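Understanding the architecture of this molecule
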Amino acid sequence: MSFLRKLDKNFEFVFLAGLLIIMTVLSFANVVMRYFFKAPIFWSDEICCYCLALSAFVCLPCSIRYKSAIRVDTFVTLLPKFLQKFLMVVCDVIMIAFLFWCVKGGVDVAGIAAKINQKSPALQIPVAYFYYFMTFCFFLAIFRSIQSIYLTFKGEEK
């Protein structure tokens with residue numbers, strides 16, 4: 001059970017740290033290769049770009065899990081606790097509905113990219129993989145929203 005709790009608390013952080021490490025190492029290696037050896041790594045910029053884009057999608061479930069999204073809650077903090085919890089659940093339900101709509105769009109876009117066999121310019125990786133990963137992040141955000149509702153009813157903050 002301890003492993004699952006650690007995974008629950010740290011999955012997004014570890015994944016984001018891995019993406020950041022990849023971007024840092026590739027950018028540094030590309031600078032060294034370009035300026036000292038006059039032989040740039042032509043594909044490193046593409047990988048860094050994809051890592052940056054993927055990190056944006058991984059941040060969504062992470063911000064939902066830790067309730068760290070930007071919001072204006074001045075009015076809500078003036079309300080009684082039970083009404084605050086009710087509004088949090090309503091917002092989470094609205095977010096789940098929106099995320100299901102995003103999942104549908106992600107599956108549609110990934111299907112189109114797979115159908116036309118769209119590939120990335122430098123490495124020729126099927127772009128549909130990135131769209132499927134984006135859709136996975138929307139599913140993870142749905143899971144985190146459901147988890148947020150559960151924790152709200154249980155009375156835990158995070």
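Residues numbered from 1 in each chain as written. Predicted model: local features only at pLDDT ≥ 70, side-chain atom pairs only at ≥ 80, totals over all residues. Heavy atoms only, no water.

Some words on the overall build of the protein chain
Worth spelling out the cut-off: In DSSP terms, a helix is any run of H or I states spanning at least four residues, a strand is any run of E spanning at least two, and both are numbered starting from the N terminus. Only C-alpha atoms enter the radius of gyration; for comparison, a globular chain is expected to reach 2.2 Å times N to the power 0.38, where N is the number of residues. It only takes one pair of heavy atoms within 4.5 Å for two residues to be counted as in contact. Residue-level accessible areas treat just the shown protein chains as cover; the underlying method is Shrake-Rupley with a 1.4 Å probe. Within this scheme the basic residues Lys and Arg register as positive and the acidic residues Asp and Glu register as negative, but His and the chain ends are omitted. Lysine's charge is taken at NZ, arginine's at CZ, aspartate's at CG and glutamate's at CD.
Each helix and strand counted, the protein chain has five helices and zero strands in total. At 20 Å, the protein chain has a C-alpha radius of gyration far larger than the 15 Å of a compact globule built from 158 residues. By principal-axis analysis of the C-alpha atoms, the protein chain measures approximately 65 × 35 × 35 Å. Considering only contacts within the protein chain whose residues lie at least 6 apart along the sequence, 72% involve residues at least 24 apart. For the protein chain, the computed accessible surface area is about 10,600 Å², with 75% contributed by carbon and sulfur atoms. Here the protein chain holds 16 positive side-chain charges and 9 negative ones, and the gap between their average locations is 3 Å.

Looking at a nonpolar patch on the surface
Defined as follows: Exposure above 30% relative accessible area and the lack of any salt bridge qualify a residue for a patch; like charges then connect within 9 Å, and the nonpolar side chains Val, Leu, Ile, Met, Phe, Trp and Tyr within 5 Å. The rule for a salt bridge is simple: a side-chain nitrogen of Lys or Arg has to be within 4 Å of a carboxyl oxygen of Asp or Glu. Note on classification: 1.4 Å probe, protein chains only; a residue is buried when its accessible area is under 20% of the maximum for its type, exposed when over 50%, partly exposed between these limits.
Taken together, the side chains of V31, Y35, F36 and F37 define a hydrophobic patch exposed on the protein surface, amounting to about 490 Å² of accessible area. Assessed through its relative accessible area of 54%, F37 is described here as exposed.

Describing helix 5 (residues 128-154)
What counts is decided by this rule: Multiply 1.5 Å by the residue count of a helix minus one, and that product is the helix's expected span.
Taking 1.5 Å of rise per residue, the 27 residues of helix 5 would be expected to cover 39 Å, and the 39 Å separating its terminal C-alpha atoms lies within 8% of that figure. Backbone geometry just downstream of helix 5 places G155 in the positive-phi region, at approximately 95°.

Here's the deal with the packing of aromatic side chains
This is how it is decided: The rule is short: rings of Phe, Tyr and Trp, with Trp giving its six-membered ring, pair when the centres are within 6.5 Å, and they are stacked under 30 degrees, edge-to-face over 60, tilted in between.
Applying the stated rule across the entire model yields seven aromatic pairs. Note on F15 and F133: the rings are 5.4 Å apart at their centroids and 20° apart in plane angle, and the pair reads as stacked. Taken as a pair, F15 in helix 1 (residues 2-36) and F133 in helix 5 lie far apart in primary sequence, 118 residues in all. Aromatic pair Y50 and F130: ring centres 4.0 Å apart, planes at 15°, arrangement stacked.

Some remarks on the nonpolar core
Under the convention used in this document: Here, nonpolar core refers to any group of buried Ala, Val, Leu, Ile, Met, Phe, Trp, Tyr and Cys residues whose side-chain atoms link them within 4.5 Å.
In this structure, C51, L54, V58 and F133 are the most contacted members of the largest nonpolar core, which totals 14 residues. At the level of elements, helix 1, helix 2 (44-65) and helix 5 are the ones that each hand at least two residues to this core. For this core, the element with the highest residue contribution is helix 2, accounting for six residues. Other than its neighbours up to four places away in sequence, C51 contacts L19, I22 and M23. Among the nonpolar cores identified, the runner-up in size contains 11 residues, and L99, V103, M134 and A141 belong to it.

A closer look at the pattern of salt bridges
Overall, the coordinates contain four salt bridges when judged by the stated rule. Between E12 and R144 there is a salt bridge whose closest N-O contact spans 2.9 Å. Placement of the pair is E12 in helix 1 and R144 in helix 5, with a sequence separation of 132 residues. For E12, a relative accessible area of 0% corresponds to the buried category. Its salt-bridge partner being D108, residue K104 comes within 2.5 Å of it at the nearest N-O pair. Residue K104 and its partner D108 are both found in helix 4 (residues 81-115); the two are separated by four residues, about one turn of the helix.

With respect to the side chain of S63
With respect to the helices and strands, the residue S63 is situated in helix 2. Note on S63: relative accessible area 18%, which makes it buried. The contacts of S63, once residues within four sequence positions are left out, are S68 and A69.

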